[in-house]
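Examining the three-dimensional arrangement
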Amino acid sequence: MTNYLGYLTLFLYAASFACYARILYVPNLWLGRIASLLLASGIVCQYFDLLSRSRWLHTVPYDDLYGSMALFAWLFAISYLVLEIFHQQRSVGAVVTLLLIGWTVGLAAFLPTQANAAPPARGALFALHVTLITWGYSAFALSFVLSLVYLVQDRLLRSRRLGVAFWRFPALDVLDRMARSSVYLGLLLVAIGVPMGLVWAQRLTGSYSLGDPKVLVTVVILVVYLAYLRLSRIAQWRGSRAALLCALNFMIVLFSYTFVNFYLTRFHRFF
């Protein structure tokens, strides 16, 4: 968080969490709408925070680790809000906003004191490529969270140790549909973003760099999530097995976002 906008973003996410958490115990339509409005306000506020930081850096806001993580959190929030509107389901909002609060607070540990040198990669095409890939990764992260909620809820159902808040979470089939929707969103964004990156690499080097580790790992990510979507519709895999597979798939995304970006690829400083 670079200025007052960052603190305002955190306040709005915290207020949204309070409303989402309240409706788990006392359902209230208007309180739910206020929770969504506060979340949307936090997203808008964080956008202007990223824009302000971009102007300070005189480049894209994801120039360093702090910026990349801030962009990821912002797109994670957008992904959830899209799913909430599409599925008309606010019951997991408390989990999502709590994660956003923790992520936003944790960003302070990576806040740089001065602007870094501008990265070599420039241009609108590369910026759009990075944004789409990061948004796709954030959608996969949301599917990971939803799958974990599914697994926890399924375990509680089997153990019959249920609390009041439990009954306010979506039914297992709703969680399953929301996770699949998030995966569909992630696949769409990555499928659009990858060709843009290949075209940008071709302009930079004269070749499409299909052997770059980032490209290869991205192909693996697409394959494993497509496999998840296929298996989740098979009776033997439907339910907790599919949710577990979806959660495990995110480990590959995490590997790509961290280790590959830091050490293996030639073209991405953090992405």
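Quick summary incoming for the structure in this document. Note that the structure is a prediction, hence the values are computed from the model and not measured. (Residues numbered from 1 in each chain as written. Predicted model: local features only at pLDDT ≥ 70, side-chain atom pairs only at ≥ 80, totals over all residues. Heavy atoms only, no water.)

A look at the layout of surface pockets
If a probe the size of a water molecule is rolled over the atoms, the empty space left behind becomes visible. Of the volumes computed, that of the largest pocket is approximately 290 Å³. For the largest pocket, the lining is made up of 15 residues, of which Phe72, Phe76, Trp103, Ala141 and Phe250 are closest to its centre. The set of elements that each furnish at least two residues to the lining of the largest pocket consists of helix 3 (65-87), helix 4 (93-106), helix 5 (124-159) and helix 8 (240-264). The element contributing the most residues to the lining of the largest pocket is helix 8, with 5 residues. Of the residues in the lining of the largest pocket, the class split is 14 nonpolar, 1 polar and no charged. (1 Å grid on protein atoms, 1.4 Å probe; cavity = no way out; pocket = protein on both sides within 12 Å on 5 of 7 lines; lining within 4 Å. Points joined across faces, edges and corners; volume = space filled by probe spheres on them. Helix = DSSP H or I, 4+ residues; strand = E, 2+ residues; numbered from the N terminus. Nonpolar A, V, L, I, M, F, W, Y, C, P; charged D, E, K, R; others polar.)

As for the pattern of salt bridges
Taken as a whole, this structure holds 3 salt bridges when the rule is applied. With a shortest N-O distance of 3.2 Å, Asp173 and Arg177 are connected by a salt bridge. Of this pair, Asp173 and Arg177 are both found in helix 6 (residues 172-205), 4 residues apart, which corresponds to roughly one turn of the helix. The class of Arg177 is partly exposed, set by a relative accessible area of 36%. (Salt bridge = Lys/Arg side-chain N within 4 Å of Asp/Glu carboxyl O. Buried < 20%, exposed > 50% of the residue type's maximum accessible area, 1.4 Å probe, protein only.)

A word on the packing of helix 5 against helix 7 (residues 213-231)
Viewed as axis vectors pointing N to C, helix 5 and helix 7 meet at an angle of 40°, and their least axial separation amounts to 13 Å. Comparing the axis directions of helix 5 and helix 7 gives the class oblique. You can see that helix 5 and helix 7 cross each other, and the crossing is left-handed. On helix 7, the residues that touch Tyr137, Phe140 and Ser143 of helix 5 are Lys214, Thr218, Ile221 and Tyr225. Its residues placed into classes, the contact of helix 5 with helix 7 shows 4 nonpolar, 2 polar and 1 charged. (Axes fitted to C-alpha atoms, helices over the stretch in contact; angles between N-to-C directions. Parallel < 35°, antiparallel > 145°, perpendicular 65-115°, else oblique. Left-handed = near helix turned anticlockwise from the far one by under 90°. Contact = heavy atoms within 4.5 Å.)

Everything listed here is a matter of coordinates, which is why it stays silent on function.
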